[in-house]
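If you want the building blocks of each chain, they are given just below.
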Amino acid sequence: MRLAEAEFCARVDEILDAHEGLEGPLLPILHAVQEAFGHVPLESLPRIAERLNLSRAEVHGVMSFYHDFRTRPHGRHVLKLCRAEACQSMGADRLAEATQTRLGIGWHQTTADGGVTLEPVFCLGLCACAPAALVDGRVVGRVDDARLDRILEEVRA
Amino acid sequence: MRIYVPRDAAAKAVGADAVAAAIEAEAGRRGLPLTLVRNGSRGMVWLEPLVEIQTEAGRMAFGPVTPEDVPALFDADWKRHPLALGPTEELPWLMMQTRLTFARCGITDPLCLEEYEAHGGFEGLHRAIGMSRAEILQEVIESGLRGRGGAGFPTGIKWKTVSEAQADQKYIVCNADEGDSGTFADRMIMEGDPFTLIEGMTIAGLATGATRGYVYMRSEYPDAVEVMIEAVRIARGHGLLGPSVMGSGRAFDMEIRVGAGAYVCGEETSLLNSLEGKRGVVRAKPPLPALEGFLGKPTVVNNVISLASIPVIFQKGAAYYRDFGLGRSRGTIPLQIAGNVKRGGLFEIAFGMSLGQIVDDIAGGTASGRPVKAVQVGGPLGAYFPRALFDTPFCYEEFAGAEGLVGHAGIVVFDDTADMLKQARFAMEFCAIESCGKCTPCRIGAVRGMETVDRIARGDAAAIPLLTDLCATMKSGSLCALGGFTPYPVMSALTHFPDDFAPMKEAAE
Ligand SMILES: Cc1cc2nc3c(=O)[nH]c(=O)nc-3n(C[C@H](O)[C@H](O)[C@H](O)COP(=O)(O)O)c2cc1C
Ligand code: SF4
Ligand code: FES
Ligand code: FES
């Protein structure tokens with residue numbers, strides 16, 4: 001336990017060191033922490049706050065403002081479906097419903113086995129090949145039933 | 001043989017990486033020497049993955065190609081094949097355009113500096129280096145360039161304010177948050193011709209005395225972020241960024257920053273707060289960012305396309321650029337044609353084409369083959385246009401006159417299955433989700449708006465005037481355009497498609 005904690009602190013410090021000298025370093029730091037741990041552990045906030053000479057509440061306030069930052073780990077796969085207008089015009093609502101039914105979860109939820117987290121996203125810039133999705137950071141366009149099948153197969157594997 | 005397979009996210013989204021891999025494998029199997037270039041997209045997204053092969057007669061296009069098509073394309077020696085489209089440059093979609101900002105996009109290898117220069121890159125910067133600050137500013141003012149991020153503010157005037165401000169440090173901030181649904185021009189230029197943006201920002205630095213720049217990119221664009229980071233690294237390595245830009249003795253350098261999924265951070269003052277590491281709350285203006293921007297210093301905040309249009313203005317001259325367009329909308333605009341369309345993609349053209357021409361002729365109507373019902377122009381805060389307004393020319397003033405906005409020039413087409421009440425509700429929902437929370441009309445109004453639309457949906461006609469009043473309050477009482485413009489999609493839906501809000505709706509269905 002103590003060792004894990006020391007390791008954790010060392011990793012956070014490493015990230016803080018790497019961002020030394022940046023103007024406005026908080027977002028890059030939070031991104032790096034999330035990249036390292038899969039989420040932003042609440043225990044990292046006091047350490048970040050101390051280094052940046054901010055209050056803990058300030059750091060927490062920033063983190064909670066942005067949709068991207070999570071305080072808990074997500075599933076092994078993250079499926080983001082576009083909910084915005086161009087995708088709506090090509091059946092995104094129906095696609096979202098089908099996905100939710102088949103995964104048995106709603107937006108921002110993770111399947112019971114911890115396999116998949118479903119997130120809404122508002123435009124991926126793939127509006128001319130709608131509807132669009134982001135599967136673990138990989139772009140997918142023209143998501144029809146066949147492509148949805150393949151995506152779900154992939155994330156449930 | 002030299003083959004091009006785009007690396008643009010839209011091409012990747014429909015299988016370009018798999019096609020590229022299949023081409024490499026097939027060439028290997030056949031023992032053919034292959035140079036595979038991962039270019040940007042030509043913007044014909046309905047044809048992606050669009051594969052091109054270099055021939056003596058120019059580049060020949062094939063699309064949309066799947067990995068399964070690849071062996072047969074080799075069998076046909078990349079000549080006669082059902083997917084053959086002919087010479088790329090002669091495709092009507094490209095021939096009808098005036099490609100100034102996107103002149104190189106899709107043609108060159110995005111990260112190859114030699115190709116960039118061979119296609120006119122850095123000519124603008126060379127010219128700007130030889131000019132005084134006043135001359136550079138004058139050139140931008142004369143070009144008539146207005147901000148492409150939405151507000152349409154004259155770029156040269158903004159730069160002049162920053163140039164004249166006294167400070168020990170000034171900044172150029174590129175707004176690459178591109179949150180508007182239906183838009184992807186920023187993404188395409190950053191993925192397809194990133195040095196153009198770097199060149200434009202550098203010229204902005206020379207014009208204003210700013211030595212540092214930031215590109216604030218949305219996190220939803222992982223591919224674009226990767227290309228931009230690499231492009232900046234390459235440019236710095238070649239002395240195009242750094243203490244002495246192209247040996248001019250003038251400094252300019254830049255950094256790529258990534259947002260964290262907040263639409264409002266596209267608003268310039270919210271963006272600056274975010275860049276400073278704060279909550280992305282909108283700041284009251286004044287002070288203008290031009291005087292007190294990033295870290296309180298004079299700052300140019302410009303959209304990607306505004307900045308990426310600068311190099312061609314300096315390369316060809318302000319007059320050349322200004323001579324395109326209509327009225328007070330000068331130059332070209334990269335239209336982003338999206339949604340339910342037969343031909344979707346990026347189409348750069350002088351201002352002034354009518355909305356109807358864009359939707360019917362360029363886009364070719366809907367993908368579903370059903371009649372067009374509504375067209376949303378300008379992102380989630382833009383109005384829905386009915387066919388009755390299709391003669392509106394694509395210009396800032398004309399769109400404002402039709403109770404709409406050009407915005408970032410995204411055009412989203414809906415067929416007759418669209419339910420405009422649902423679209424109005426979505427506009428309110430989006431505003432509620434993305435509100436920065438600073439002012440009541442937006443924060444509370446959007447939630448009330450959803451409830452009011454729901455009442456109308458349940459057949460309560462008395463809620464219609466409430467919705468109208470609420471929109472008026474949001475429009476006049478909001479600090480920024482998120483709360484202030486959400487009434488555009490809502491009111492346009494209500495005004496132009498009243499049947500969708502009628503109490504009889506449920507019964508009729
Ligand atoms: C809610 C909201 C979101 C915005 N999003 C963007 C955006 O994603 N990209 C952008 O360039 N401008 C956006 N803007 C406009 C910017 O505030 C600003 O006008 C623009 O960056 C100025 O650059 P320009 O003059 O080159 O257009 C947004 C405005 C608002 C109110
Ligand atoms: S209108 Fe909305 S987003 Fe804009 S400042 Fe007010 S609360 Fe924030
Ligand atoms: S976990 Fe060690 S200081 Fe926070
Ligand atoms: S609206 Fe879905 S990708 Fe743009």
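- In the annotation of an unreviewed UniProt entry, the entry for chain B reads NADH dehydrogenase (Quinone), and the organism field reads Cereibacter sphaeroides.
- According to UniProt, the comment filed for chain B under the heading Sequence similarities (unreviewed entry) is "Belongs to the complex I 51 kDa subunit family."

- For chain A, an unreviewed UniProt entry supplies the name Formate dehydrogenase gamma subunit and the organism Cereibacter azotoformans.
- Check the Sequence similarities (unreviewed entry) section of the UniProt entry for chain A; it says "Belongs to the complex I 24 kDa subunit family."

## What to know about the domain arrangement of chain A
- Taken domain by domain, chain A consists of domain 1 (2-65) and domain 2 (77-156).
- Taking only C-alpha atoms into account, the centre of domain 1 of chain A sits 30 Å from that of domain 2 of chain A.

## Brief notes about the site of ligand 2
- Neighbouring ligand 2 are 13 residues; Cys436, Lys438, Cys439, Cys442 and Cys480 of chain B lie closest to it.
- For the shell around ligand 2, the residue count by class is 8 nonpolar, 4 polar and 1 charged.

## Observations regarding the packing of helix H10 (residues 194-208) of chain B against helix H11 (residues 222-237) of chain B
Residues and elements named next belong to chain B.
- The contact between H10 and H11 brings their axes to 9 Å, and the two run at 60 degrees. If you check the angle between H10 and H11, you find them oblique. Every pair of crossing elements has a handedness; the one defined by H10 and H11 is right-handed. Seen from H10, the contacting residues are Pro194, Phe195, Leu197 and Ile198; seen from H11, they are Val227, Met228, Ala231, Val232, Ile234 and Ala235.
- Its residues assigned to classes, the contact of H10 with H11 shows 10 nonpolar, no polar and no charged.

## Brief notes about the interface of chain A and chain B
- Between chain A and chain B, the residue contacts involve 38 residues of the former and 66 residues of the latter.
- Summed over both sides, the interface between chain A and chain B buries roughly 3800 Å², with carbon and sulfur atoms accounting for 57% of that surface.
- Three residues stand out in chain A for area buried against chain B, namely Glu23, Phe65 and Glu85 of chain A, and they jointly supply 20% of the buried area on that side.
- Taken together, chain A and chain B are joined by 3 salt bridges.
- The closest approach of N and O atoms between Lys422 of chain B and Asp93 of chain A, which form a salt bridge, is 2.9 Å.
- Summed over the shared surface of chain A and chain B, the number is 31 residue pairs in polar contact (both at pLDDT 80 or more).
- Listing elements by their share of the side of chain A that touches chain B, those giving two or more residues are helix H2 (26-37), helix H4 (56-65), helix H5 (85-88) and strand S5 (138-140) of chain A.
- When the residues that make up the side of chain A that touches chain B are grouped by side-chain class, the tally is 21 nonpolar, 10 polar and 7 charged.

Cut-offs used in this document
- Residues numbered from 1 in each chain as written.
- Chains lettered and ligands numbered in written order.
- Predicted model: local features only at pLDDT ≥ 70, side-chain atom pairs only at ≥ 80, totals over all residues.
- Heavy atoms only, no water.
- UniProt positions renumbered as here; feature names shortened; annotations may be inferred.
- Domains from an automatic or database assignment.
- Near = heavy atom within 4 Å.
- Nonpolar A, V, L, I, M, F, W, Y, C, P; charged D, E, K, R; others polar.
- Axes fitted to C-alpha atoms, helices over the stretch in contact; angles between N-to-C directions.
- Helix = DSSP H or I, 4+ residues; strand = E, 2+ residues; numbered from the N terminus.
- Parallel < 35°, antiparallel > 145°, perpendicular 65-115°, else oblique.
- Left-handed = near helix turned anticlockwise from the far one by under 90°.
- Contact = heavy atoms within 4.5 Å.
- Buried area = accessible area lost by both parts, 1.4 Å probe.
- Salt bridge = Lys/Arg side-chain N within 4 Å of Asp/Glu carboxyl O.
- Polar contact = N/O pair within 3.5 Å; in protein donor to acceptor, adjacent residues only side chain to side chain.

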